[in-house]
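Observations on the three-dimensional arrangement
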Amino acid sequence: MKKYYKYILLILVCMGNFIACFTQYQTSVMSKELIEAFNMTSGQFARLTTAQMIPTIFLSLVVGSVADKIGFKKTILIAMCITVSALFLKMSVKQYVLLFALCGLAGFIGTFFNTLNAKIISSEFDPSEMAFNMGLLQASLSLGQVLSLAYAGVLGYKKVFLISFIMAAVLFVLWLTVVKDRKTEVVSKKINLKDGLRYKEAILAGFILFALYGGFGAITSFLPKKLLSLNLGVSLSGKITSITAVARLVGALTFPFVYKSVRNKNGLVALMLMVFPVLIGSIALINNELILSAIVAFAGYMVGALSPILFALPLRIKSIDKENIGAVGGTLSMLQILGAVTVPSYICGTIAGDNYLLLYLIAGGISFIGFILYLSLNKSIEMEK
């Protein structure tokens, strides 16, 4: 058991990420059924799809700072208690307001794991293994998205809610009984929310994720409507959009091997961050379904490939104290989700409306800022071997 403990821990963290993404995306897939069952307006449903992201935006800094003080085992247990309780209550909920609140509380599992992934994995694995392991965690997120998109609409919302509860309950028991407290892990003397914000490099890394996921959010949020405007049909539009999830999964699984074999790692990341905005902008100009499919596949692959590298950046920056990795991870998680929520809905959608040319050009421009920020951060990053 002791010999394989770190691999068991990795599996449990992958399970947590999978469950978080599975519960997040099932809501959007079951749109028609949920709207009818809870008599929602389109605005209420739109808010429901983002409810699970709310804890990440407001609590990531707190989560990271608490974990730096009390350790990640106890911190994750707090999240699991809240999430399991919320998923249990969701199975019998009948009112929209209560459903919205429970979806938000169910988001605690995603908030806590997303914030602490790097801290947990770095506690057991060598720095040379981080890229691959963080890739596995991103792959588990993508797999949760893929399976949610594939099955949630088929099973019905009550069965899906039950499956989510069972998975979370099993993980709670395993985390409570298997995961160990490490005496050497807790080195922060006090909980200080400023720890996550006092590193310029951490804030820059967070805004790179803001730009990346803001652009990706614009793709996934508005691509179905653009495809429908080209008279491609609902089924085909859905299939093309789902390519992003599959490609993201492939990117998370395969890119760590590419990354490890490349000599100029920082240069490769910079190149991808430069190409990504170009792909987003080209969506505005292309109307051919096959070319669009290829573009969104490349974009999804890049998000899956870059995410583990960017989330692990604090571990490669010398100026960031290792006892503050949890708090710094909170900064990255907060800005990542903030970008995914605000860029599509409040920036692109508000300014451009149904003008897809303008919409994707704005999204591409915001994503390009991530490339500029990475160049400014480049000198602070330790070169990996």
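Thresholds, definitions, all that
Per chain, residues are indexed from 1 in the order of the written sequence. Under the rules for a predicted model, residues below a pLDDT of 70 receive no local features and side-chain atom pairs below 80 are neither given nor counted, while totals for whole chains, interfaces and linings still include all residues. With hydrogens and water excluded, all non-hydrogen atoms of the structure serve as input to the side-chain values. By definition, a salt bridge exists where a carboxyl oxygen of Asp or Glu is found within 4 Å of a side-chain nitrogen of Lys or Arg. Segments assigned H or I by DSSP are reported as helices when at least four residues long, segments assigned E as strands when at least two residues long, and all are numbered from the N terminus. Classification of residues uses two cut-offs on accessible area relative to the type maximum, computed with a 1.4 Å probe and protein chains only: under 20% is buried, over 50% is exposed, and between them is partly exposed. For this analysis, a nonpolar core means a set of buried residues of the types Ala, Val, Leu, Ile, Met, Phe, Trp, Tyr and Cys, connected via side-chain atoms within 4.5 Å. Residues are treated as being in contact if the distance between any of their heavy atoms lies within 4.5 Å.

Okay, the pattern of salt bridges next. Summed over all chains, the structure comprises 2 salt bridges. The closest approach of N and O atoms between Glu129 and Lys6, which form a salt bridge, is 4.0 Å. Residue Glu129 is found in the loop between helix H7 (108-122) and helix H8 (130-155), and its partner Lys6 is found in helix H1 (residues 5-29); the two are separated by 123 residues along the sequence. A salt bridge links Asp68 to Lys119, with the shortest nitrogen-to-oxygen separation between them at 3.0 Å. Highlighted residues: Asp68 in helix H4 (residues 54-70) and Lys119 in helix H7, separated in sequence by 51 residues. For Asp68, a relative accessible area of 2% translates into the label buried. For Lys119, a relative accessible area of 8% gives the class buried.

To continue, consider the nonpolar core. Core analysis: the largest hydrophobic core is formed by 120 residues, its most contacted members being Leu34, Trp175 and Tyr360. By residue number, the principal contributor to this core is helix H10 (residues 200-229), which donates 14 residues. Tyr360 has contacts with Ala218, Ile219, Phe222, Leu223, Lys226, Ile280, Gly281, Ile283 and Ala284, leaving out every residue within four places of it along the chain.

Right, let's talk about unusual backbone geometry for a bit. A positive phi angle, close to 50 degrees, is found at Asn39, a residue other than glycine. Within the element layout of this structure, Asn39 appears in the loop between helix H2 (31-38) and helix H3 (42-50). Given a relative accessible area of 67%, Asn39 falls into the exposed group.

What follows covers the side chain of Gln138. Inspection of the secondary structure assignment puts Gln138 in helix H8. A residue is classified by how much of its surface remains accessible, and Gln138, at 2% relative accessible area, is buried. Residues within four places of Gln138 in sequence aside, it is in contact with Tyr213, Arg248, Ala252, Gly304, Ser307, Pro308 and Phe311.

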